[in-house]
Amino acid sequence: MSGTTSTATGRPTEHAPTASPEAPAASARSARPGTVAPYPRRAVRRLPYLLLNAVVRSAAIVALLLLWETAPRLGLVDRTFLPPFSEVARAWWGLLADGQLADNARASLVRSFSGFGLAVAVAVPLGLLIGWYRPVADLLGPLLEVFRNTAALALLPVFVLLLGIGETSKISIVVYACTWPILLNTISAVRSVDPTLLKLARSMDLSAPRLFQKVILPASVPVMFTGIRLAGAVSILVLVAAEMIGAKAGLGYLVNASQYNFAIPQMYAGIITISAVGVAFNQLLVTVERRLSSWRPPTDG
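Residue indices follow the written sequence of each chain, beginning from 1 at its first position. Residues qualify for local features only when their pLDDT is at least 70, as the model is predicted, and side-chain atom pairs are given and counted only at 80 or more; totals for whole chains, interfaces and linings, by contrast, use all residues. Hydrogens and water are ignored here; the side-chain numbers use all heavy atoms of the structure.

Student: So what exactly am I meant to see when it comes to the packing of helix H3 (residues 85-97) against helix H11 (residues 264-292) here?
Tutor: When two helices pack together, you describe them by how their axes are tilted relative to each other and by the distance separating the axes. Orientation of H3 relative to H11, taken along the N-to-C sense of each, is 80°, at an axis distance of 8 Å. Looking at the two axes, H3 sits roughly perpendicular to H11. Between H3 and H11, the residues in contact are Phe 85, Glu 87, Val 88, Ala 91, Trp 92 and Leu 95 and Pro 265, Gln 266, Tyr 268, Ala 269, Ile 272 and Thr 273, respectively. Axis lines are fitted through C-alpha atoms, for helices just across the contact stretch, and the angle between N-to-C directions can take any value from 0 to 180 degrees. Helix numbering and strand numbering both begin at the N terminus, where a helix is a DSSP run of H or I of at least 4 residues and a strand a DSSP run of E of at least 2. Roughly parallel covers angles under 35 degrees, roughly antiparallel covers those over 145, roughly perpendicular covers 65 to 115, and oblique covers all other angles. Whether two residues are in contact is decided by their heavy atoms, any of which lying within 4.5 Å being enough.

Student: I would appreciate a short explanation of helix H9 (residues 208-243) in the present structure.
Tutor: Because an α-helix packs 3.6 residues into every turn, residues spaced three or four apart end up facing the same way. Between the first and last residue of a helix there are one fewer steps than residues, each counted as 1.5 Å, and that sum is the expected span. Between its terminal C-alpha atoms H9 stretches only 44 Å, short of the 52 Å expected from 36 residues at 1.5 Å a residue. The seven residues ending at a residue and the seven starting there each receive a fitted axis; the angle between those axes is the bend at that residue. At Val 221, H9 shows its maximal bend, which comes to roughly 50°, and the proline Pro 222 appears one to four places after that position.

Student: Please explain unusual backbone geometry as it appears in this structure.
Tutor: Among all residues except glycine, the phi angle is most often negative; among peptide bonds, the trans geometry is most common. Positive phi values are uncommon outside glycine, yet Phe 262 reaches one of about 60°. Counting through the fold element by element, Phe 262 comes out in the loop between helix H10 (251-260) and H11.

Student: In this structure, what is going on with H10? I would like to understand it.
Tutor: Here the term buried applies to any residue with accessible area under 20% of the maximum for its type, exposed to any over 50%, and partly exposed to those in between, with areas from a 1.4 Å probe on protein chains only. Those residues of H10 that fall on the buried side of the exposure criterion are Leu 251, Gly 252, Leu 254, Val 255 and Ser 258. Projected down its long axis, H10 shows its buried positions confined to an angular sector of 165°, all on one face. Elements in contact with the buried residues of H10: H3, helix H4 (100-132), H9 and H11. Remark: Phe 262 follows H10 within two positions and exhibits a positive phi of approximately 60°. Here, the arc refers to the directions that run from the helix axis to the C-beta atoms.

Student: Explanation requested: a nonpolar patch on the surface in the structure shown.
Tutor: Here, patches come from residues exposed beyond 30% relative accessible area and free of salt bridges, joined within 9 Å for like charges and within 5 Å for nonpolar side chains (Val, Leu, Ile, Met, Phe, Trp, Tyr). Shrake-Rupley sampling with a 1.4 Å probe provides the accessible areas, and residues are treated as covered by the protein chains on show and by no other component. Criterion for a salt bridge: a side-chain nitrogen of Lys or Arg within 4 Å of a carboxyl oxygen of Asp or Glu. On the surface, a cluster of nonpolar side chains totalling about 440 Å² of accessible area is made up of Val 158, Leu 161, Leu 162 and Leu 163. Looking at the element boundaries, Leu 162 is found in helix H6 (residues 156-163).

Student: I tried to follow the packing of aromatic side chains on my own but got confused; where do I start?
Tutor: Any aromatic ring pair is given by two values, namely how distant the centres are and how the planes are angled relative to each other. Any Phe, Tyr or Trp ring, taking Trp's six-membered ring, that has another such ring centre within 6.5 Å forms a pair; planes under 30 degrees apart are called stacked, those over 60 apart edge-to-face, and the others tilted. The tally for this structure, following the rule as stated, stands at 8 aromatic pairs. An angle of 55° between the planes, with centres 4.9 Å apart, marks the rings of Phe 113 and Phe 281 as tilted. Within this pair, whereas Phe 113 is found in helix H4, its partner Phe 281 is found in helix H11, the two being separated by 168 residues in sequence. For Phe 113, a relative accessible area of 41% translates into the label partly exposed. Their ring planes at 5° and their centres at 6.4 Å tell us that Phe 147 and Trp 180 sit as a pair that is stacked. In this pair, Phe 147 is assigned in helix H5 (residues 134-148) and Trp 180 in helix H7 (residues 167-191), connecting sequence segments 33 residues apart.

Student: What should I look at first to understand the pattern of salt bridges in this one?
Tutor: In a structure, side chains of opposite charge can pair up when their charged atoms sit close to one another. Summed over the entire model, instances satisfying the criterion amount to 7 salt bridges. Ionic pairing is found between Glu 243 and Arg 111, a salt bridge with its closest N-O pair at 2.7 Å. One end of the pair, Glu 243, is in helix H9; the other, Arg 111, is in helix H4, with 132 residues separating them in the sequence. Accessibility expressed as a relative area gives 5% for Arg 111, which makes it buried. As a salt-bridge pair, Arg 229 and Glu 289 come within 3.9 Å of each other at their nearest N and O atoms. Of the two residues, Arg 229 is situated in helix H9 and Glu 289 in helix H11; the sequence distance between them amounts to 60 residues.

Student: Please clarify how the confidence of the model for the protein chain should be interpreted in this entry.
Tutor: Regions with low pLDDT carry predicted coordinates that are not meant to be interpreted in detail. Averaged over every residue, the pLDDT of the protein chain is 79; the share at 70 or more is 82%. Confidence, read as mean pLDDT per element, is least for helix H1 (residues 22-31) in the protein chain (45) and greatest for H3 (92). Scored from 0 to 100, pLDDT reflects the predictor's confidence in each residue. This model gives residues 1-37 a pLDDT under 50, and the stretch forms 21 contacts once residues within four places in sequence are excluded.

Student: Would you mind going over the side chain of Glu 243 with me for this structure?
Tutor: A relative accessible area of 1% places Glu 243 in the buried class. Identification of polar contacts relies on pairs of N or O atoms within 3.5 Å, with a donor-acceptor requirement for protein atoms, meaning one able to donate a hydrogen and the other able to accept it, and with residues adjacent in sequence counted only if both atoms are side-chain atoms. One polar contact links Glu 243 to Ser 108, side chain to side chain, over a distance of 2.9 Å. Among residues more than four places away in sequence, those in contact with Glu 243 are Ser 108, Arg 111, Lys 170, Ala 249, Gly 250, Leu 251, Gly 252 and Tyr 253.

If you want it as structure tokens, here you go:
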């Protein structure tokens with residue numbers, strides 16, 4: 001504020017404006033080189049990069065959809081068997097509106113997640129046991145080699161004969177198919193733990209449970225999750241094949257029934273939904289893996 005006082009001669013004297021004590025500090029901070037820009041400004045600066053990255057990542061998918069839309073219209077393929085993408089999109093929306101898509105997707109997700117969860121619960125502890133204890137590996141090794149080379153779909157008739165065509169056989173085939181990627185990668189993860197880490201841990205007189213908790217499990221997470229992500233993809237693919245045989249609900253049933261009734265746009269709509277579910281499931285597993293591996297230093301690139 002500015003003010004006036006009277007001098008001895010009676011003339012008013014005007015004072016200079018008083019500077020706020022925070023002003024020099026604020027101006028010094030704003031003028032100081034190397035300071036971090038405020039978050040909105042940094043977000044604006046990163047916006048072109050984010051947009052370019054999004055365009056690059058989606059370019060191939062957009063090109064595929066454009067080819068899918070134009071090829072049937074130009075007569076390059078028979079639109080009876082490959083309708084334009086716009087017709088498939090309308091069919092997908094129609095299935096969603098009348099509830100068919102939601103009901104079939106719910107049935108498939110319940111079966112897939114149930115089988116996948118059971119496979120993780122069985123294969124991870126068993127893989128840790130086989131990978132760490134050599135006698136257990138010698139005992140179960142030949143049996144594992146027999147079953148790991150037997151395709152899950154080749155055993156589907158056996159599961160149907162033994163367990164019927166209900167939910168039990170479908171969940172069981174998913175459990176069987178998902179077990180092997182998780183089990184084999186978990187065994188490999190345990191056996192590939194850095195020996196130097198094990199020597200250091202043993203020199204600290206860690207007990208066996210603490211050794212597993214502090215060394216083996218954290219070091220095994222990246223390789224273990226490679227198998228878990230493979231199992232996530234297998235759980236969708238094997239289930240769709242199983243639902244095409246003797247199922248009354250599910251995305252595999254939807255695709256098979258649409259093909260049988262020659263509802264080709266609905267068939268492609270079901271296939272697109274299966275792909276979307278697989279991508280979303282994989283991204284969920286990637287997020288969980290990053291959360292569990294947050295202790296690791298980031299890699300370049």
